[in-house]
Amino acid sequence: MSSPFDLSGRWAVVTGANTGIGQGIAVALAQAGAGVIAVGRSGMEETESLIAPTGRPFHAIRADLAQMEALEPVIAEAEEVSGGIEILVNNAGIIRRADSLDFTEADWDAVIDLNLKSLFFLTQAAARRMIPRGRGKIVNIASLLSFQGGIRIPSYTASKSGLAGLTRLLACEWAAKGVNVNAIAPGYFVTNNTEALRQDEKRSSEILGRIPAGRWGNPGDIGGAAVFLASPAADYVHGVVLPVDGGWLAR
Ligand code: NAP
């Protein structure tokens, strides 16, 4: 009997897969058997070379996901290459840091547009293919800021809190149509996203001191949760926001 976590023969689209958490997820999905379509605005050579040893098929699509007109063509190409995508991981996201009193409209719009608006319409384009087939897994990358306020990141917190709500709404609409919509909330991970935080010695040590696991997360720590939510093991799991945070929220 095959494992319920086996993704052999399935194809996953992963956005922002060139680095960080997206790269960690793309590699884990390939190790579980999936073909990977890596979408983003940067080259995907490093991710391709990390996936090569798995022997799973890989395809890269270059796209700036902040551009609305890029979204439908990304899914159309992914469908053509794969013959039908079954997994979409919405990982691409940005953060802008400034005190709320000084926060600019540009920093508000850039974050909300990519993290929430583009994510929704890319998901819509994918679900319009998945729902007629009665099968699909959508995994959104949320954040601890889906649960907490944070400081100096108002548009990011709004986007990630909004994403938790959107995850639940889409789960309610699509659960009976064979499409699972769930999210992962990473804790503090060592990626480009947290570089500024890690360079601030005071903030960095305060954060570390609050993590029960006693260390920041690495991209390799996130893949297991993504494989689970993308796999038949999660067929009856809908609308959850699963923290992978070294115990941060438990404290
Ligand atoms: P990252 O290294 O900054 O990765 C962000 C990814 O998004 C990169 O692949 C980036 O591509 C891509 N991206 C940004 N703008 C894009 C655009 N317009 N079009 C296409 N792709 C775009 O940071 P990360 O930590 O791995 O972030 C991945 C996700 O995890 C984000 O949604 C982030 O909010 C979330 N997250 C991270 C943490 C953490 O502690 N690191 C915690 C909670 C949630 P480029 O390299 O080309 O910019």
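See the structure shown above.
We now turn to the structure provided with this report. A quick note: this is a predicted structure, and the numbers were derived from the prediction, not measured.

Reading the values: the criteria
Residues numbered from 1 in each chain as written. Predicted model: local features only at pLDDT ≥ 70, side-chain atom pairs only at ≥ 80, totals over all residues. Heavy atoms only, no water. Near = heavy atom within 4 Å. Polar contact = N/O pair within 3.5 Å; in protein donor to acceptor, adjacent residues only side chain to side chain. 1 Å grid on protein atoms, 1.4 Å probe; cavity = no way out; pocket = protein on both sides within 12 Å on 5 of 7 lines; lining within 4 Å. Sits in = over half its atoms within 2 Å of the grid points. Helix = DSSP H or I, 4+ residues; strand = E, 2+ residues; numbered from the N terminus. Nonpolar A, V, L, I, M, F, W, Y, C, P; charged D, E, K, R; others polar. Pairing = 2+ DSSP bridges. Right-handed = clockwise from strand over helix to strand, strands pointing away. Buried < 20%, exposed > 50% of the residue type's maximum accessible area, 1.4 Å probe, protein only. Axes fitted to C-alpha atoms, helices over the stretch in contact; angles between N-to-C directions. Parallel < 35°, antiparallel > 145°, perpendicular 65-115°, else oblique. Left-handed = near helix turned anticlockwise from the far one by under 90°. Contact = heavy atoms within 4.5 Å.

## Some thoughts on the site of the ligand
Part 1: Neighbouring residues of the ligand: 29 residues in total, closest Asn18, Arg41, Ser42, Tyr156 and Thr191.
Part 2: A distance of 2.7 Å separates a nitrogen atom of the ligand from a polar side-chain atom of Asp64.
Part 3: Placement of the ligand is best described as lying within the largest pocket.
Part 4: Contributing elements (two or more residues each) for the shell around the ligand: helix H1 (20-31) and helix H5 (154-174).
Part 5: Its residues placed into classes, the shell around the ligand shows 13 nonpolar, 13 polar and 3 charged.

## Quick notes on the pairing of strand S3 (residues 58-62)
Part 1: Where strand S2 (residues 35-40) meets S3, 5 bridges bridge the pair, whose relative direction is parallel. Bridge assignment links Val36 to a residue of S3, and that residue is Phe58.
Part 2: Handedness of the S2-helix H2 (residues 45-51)-S3 crossover: right-handed.

## Looking at unusual backbone geometry
Part 1: The backbone of Arg152 sits at a positive phi, close to 65°, despite the residue not being glycine.
Part 2: You can see Arg152 is positioned in the loop between strand S5 (136-141) and H5.
Part 3: Since its relative accessible area comes to 40%, Arg152 is described here as partly exposed.

## Some words on the packing of helix H4 (residues 105-133) against H5
Part 1: The interhelical angle for the contact between H4 and H5, taken along N-to-C directions, is 15°, at an axis separation of 8 Å. The angle between H4 and H5 places the two elements in the roughly parallel class. The element H4 and its partner H5 pack so that their crossing is right-handed. Residues Asp107, Trp108, Val111, Ile112, Asn115, Leu116, Leu119, Phe120, Thr123, Ala127 and Ile131 of H4 pack against Pro154, Ser155, Tyr156, Ala158, Ser159, Lys160, Gly162, Leu163, Leu166, Leu170 and Trp174 of H5.
Part 2: Split into classes, the residues belonging to the contact of H4 with H5 amount to 15 nonpolar, 5 polar and 2 charged.

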